[in-house]
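# Examination of the molecular architecture
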Amino acid sequence: MEFYRAHVLVCGGSPCVAAGCRAVRDEIIRSVAEAGIAREVRVIETGCLGPCDSGPVMVVYPEGTVYSHVTVGDAREIVDEHLVKGRPVDRLRHKGEIPAISKDADRRSHYFDIQKRIVLANVGIIDPDSIDEYIARDGYLAAGTALTQMTPAQVIETLKKSGLRGRGGAAFPTGLKLEFTARASADQKYIICNADEGEPGTFKDRLILEGDPHRVIEGMIIMGYATGATRGFIYIRGEYYASIQRVERGIQQAREMGLLGNDIFGSGFGFDIEVKQGAGAYVCGEETALIESMEGKRGEPRVKPPYPGTSGLWGKPTVVNNVETIANIAPIVANGPDWFRQFGTASSPGTKVYTLTGNVNNKGLIEVPMGITLRQVIYEVGGGIPGGRRFKMAQTGGTAGGCLSEAHLDIPMDYESLQQAGSALGSGALLIIDDSHCVVDVAATLLHFFEHESCGQCTPCREGTHRLSQIVGKIQHLQASESDIRLARELAGMMRSSSLCALGQSVSVPLFTIFDHFSDEILAHLEGRCPAGVC
Amino acid sequence: MGGVHVCSGKPASGDSCACDDVFLAAVEKAVLPYRGRPEDLVLALHDVQALRNYLPREALRVVARVLEIPESRVFGVVTFYSMFSDKPRGRHIVRVCESAPCCVMGAREVIDALLGELGVDMGGTTQDGRFTVETTSCLGVCGVAPALMIDDAVYGNLVPGDLPAILRRYE
């Protein structure tokens, strides 16, 4: 074991990579070597630290000094001043706080108090390429406990009692889903981790996978044991090159340690995981379309029932869960259902990971308890709306989620409350839009997306998305009348009841919430004027 | 299907025929690890496409033969997924996001500037065969929107003025 007097953690989350963190990291490494302190200072690339629009971000330990917007030109100064002379470079210090790491938290805001990290407990703190660092944070302890001290039924009971529900959008109780597959008798069962994540505005799963891949691998081992599945697959979007590489490395490390393969922990239970790569199709996030794609076909959804729990991949019982759901499993097994239930609300226990984007001051990755209000998320965690503009709209749950107005700011963010408002938690995307934007223009962008991504298999969705796009275009061009709105409602309502999968069914969610919650602005368009001056 | 590529001897990039024997041998070599595994068709197509940035018809025939599946199924899969192309593409694929989170942050101006800079329409390939511009539903870096991706590198927090310097890095 080597000892270092300082660690520099450079955020390697995809948004920071897009902001140029790799070049900064390389310059830090070069400067450290040139200063002759390479044996004293270790430079590590971690997962996402949270403030995605402040990148490149880095932390210097043991002080916990956070630097943001670091350029290649700043790297040498940080090394010479901070690491050689021990004087932090004040002009580069991050102005906000980062919950996982900030030691000198600014108590004037609630940013620090509100967040609670269960899923992201290790993200940004460990080197995601090191299985040793994961194990040092009690990694694989839950899998060891489950496999050697619990029966599969006890594992399922623990998850049922915890109240964990699917974090991919459908909110199905996780324990129940596992129980269905555990009860099915078959010669082969499968666990699939759905990391397709095509929902615009959503990138939490990528940051979980890239920041702490072993957490997901461990969750899948536990799920395999609970259901009797011996093979697992992680289906990752083709565009997520970094996630694919990192997860494959993680699987390899777990195999080398005997944490995947035969007879894990000497329990007699064997489990292995393979990565499958997507190729750019939003509909593949739908579980049966994903299964079709994994079988090497066009990713067209299947007619349900039968559900994957009894007839999934190759017709065998299959559990399909989202990345975030699976990342919750090891902590629940390790700490028990009562521990989990102390966070969130009675019917929506635990936390929710969101990606906060759009017109908000602190963009990025956050994890908060279920049930905090939209206002708290936007103004306390998100730091409010930039440029002195007013809040106009929040779309929750991605493009297929509902659009909420100012009147909904005090709504608790949990499954039931959002459903009552016509919306959903969905994928955890939170798109904040200020008053410089027009709701009809936003609706047109959303419809364009659905039209483009409809797989074309079922008529209501294929034709419906096209027609709705035309109608919204007509509103946008100030040429629509009341009857067009009625037609759009009728069409979207029909798609909701007759489309084969959630893509066609959910078009009505953003459309109806825009019609209902922004009716004044829609009416103005029918009268030939755009209040925001956009159309 | 309008523009199914039939081997004409001259691909857009102007180098040797996309479908010569050397290329088809490379295709066969790329697909061989997947022999007998039709479920890995998507992975096989990724590997084949990496050779020339697109999938010529003749290459799909090789894939179908090696995986022992009908050509129609291979073609059906190629046309379903947006990352695959059956038409010649440039040496570098530029993927831009047109979804709401990028649009709210000014993606339209960046996309217009990009197309203007390169002198192409959406989906088009530059005259010199350097770039093909395509849309994607989301790049998953919405925290730094608007963003674009060139091959496997992502660029974020873009304003139109950033484009010339970024494009200059690609030959």
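### Considerations on the overall build of chain B
Within chain B one finds seven helices and four strands. Reading chain B from its N terminus to its C terminus gives the helix and strand order α-α-α-α-β-α-α-β-β-β-α. When the accessible surface of chain B is split by element, carbon and sulfur atoms take 51% of a total near 7000 Å².

### Here we look at the interface of chain B and chain A
Opposite the 43 residues of chain B that make contact, chain A presents 52 residues. Summing both sides of the interface, chain B and chain A together bury roughly 3500 Å²; the carbon and sulfur share of this comes to 59%. It is Phe 80, Tyr 81 and Val 104 of chain B in chain B that bury the most area against chain A; as a group they hold 18% of the surface buried on that side. Seen at the junction of chain B and chain A, the total is three salt bridges. With a shortest N-O distance of 3.2 Å, Arg 108 of chain B and Asp 441 of chain A are connected by a salt bridge. Linking chain B with chain A are 20 residue pairs in polar contact (both at pLDDT 80 or more), by the criterion used here. At the level of secondary structure, the elements contributing two or more residues to the side of chain B that touches chain A comprise helix H2 (41-52), helix H4 (71-80), helix H5 (100-104), strand E2 (131-136) and strand E4 (153-155) of chain B. For the side of chain B that touches chain A, a count of residues per class yields 22 nonpolar, twelve polar and nine charged.

### Topic: the pattern of salt bridges
Summed over the entire model, instances satisfying the criterion amount to 53 salt bridges over all chains. Among the ionic pairs, Arg 237 of chain A bridges to Glu 239 of chain A, the shortest N-O distance being 3.2 Å. Comparing Arg 237 of chain A with Glu 239 of chain A shows no difference in burial state: the two are buried. Here Asp 40 of chain B makes a salt bridge to Arg 37 of chain B, at a shortest N to O gap of 2.5 Å. Judged by relative accessible area, Asp 40 of chain B falls into the buried class, the value being 3%. A single salt-bridge network, built from bridges that share partners, covers Arg 22, Arg 25, Asp 26, Glu 45, Asp 129, Arg 246 and Arg 249 of chain A.

### Structural notes on the pairing of strand E1 (residues 92-97) of chain B
All names here are of chain B. Counting buried positions over the six residues of E1 gives six, a clear majority of the element. Going residue by residue along E1, you find His 92, Val 94 and Val 96 tucked away on one face and Ile 93, Arg 95 and Cys 97 tucked away on the opposite face as well. Pairing geometry for E1 and strand E3 (residues 148-150), over three bridges, is antiparallel. Opposite Arg 95, over in E3, you have Met 149 as the bridge partner.

### Quick notes on the sheet that holds strand E6 (residues 231-236) of chain A
Residue and element names in this part refer to chain A. Pairing is parallel in the open sheet, where four strands are placed in the order E7-E6-E5-E8. What marks the edges here is a single partner per strand, and that holds for strand E7 (272-277) and strand E8 (318-322). With direction set aside, neighbouring strand axes in the sheet form an average angle of 20°. Both strand E5 (residues 190-195) and E6 contribute to a ladder of six bridges, which runs parallel. Within the sheet, the bridge partner assigned to Cys 193 lies in E6 and is Ile 234.

### Side note on the sheet that holds E4 of chain B
All names here are of chain B. On the basis of which strands lie adjacent, the open sheet formed by four strands has the order E2-E1-E3-E4 and mixed pairing. In the strand order of this sheet, the two ends are held by E2 and E4, each with one partner. Sheet twist, expressed as the average angle between the axes of neighbouring strands with direction ignored, equals 25°. With three bridges connecting them, E3 and E4 associate as antiparallel partners. Looking at E4, one finds that Ile 150 is bridged to Ala 153.

### Details of the confidence of the model for chain B
All names here are of chain B. Mean pLDDT over chain B stands at 89; residues scoring 70 or higher make up 89%. Segment residues 1-16: pLDDT under 50, and 23 contacts once partners within four positions in sequence are set aside and those in other chains are kept. Prediction confidence for the complex, expressed as pTM and ipTM, is 0.92 and 0.88 respectively.

Analysis parameters
- Residues numbered from 1 in each chain as written.
- Chains lettered and ligands numbered in written order.
- Predicted model: local features only at pLDDT ≥ 70, side-chain atom pairs only at ≥ 80, totals over all residues.
- Heavy atoms only, no water.
- Helix = DSSP H or I, 4+ residues; strand = E, 2+ residues; numbered from the N terminus.
- Areas by Shrake-Rupley, 256 points an atom, 1.4 Å probe, with all protein chains shown as cover.
- Contact = heavy atoms within 4.5 Å.
- Buried area = accessible area lost by both parts, 1.4 Å probe.
- Salt bridge = Lys/Arg side-chain N within 4 Å of Asp/Glu carboxyl O.
- Polar contact = N/O pair within 3.5 Å; in protein donor to acceptor, adjacent residues only side chain to side chain.
- Nonpolar A, V, L, I, M, F, W, Y, C, P; charged D, E, K, R; others polar.
- Buried < 20%, exposed > 50% of the residue type's maximum accessible area, 1.4 Å probe, protein only.
- Pairing = 2+ DSSP bridges.
- Axes fitted to C-alpha atoms, helices over the stretch in contact; angles between N-to-C directions.
- pLDDT = per-residue confidence, 0-100.

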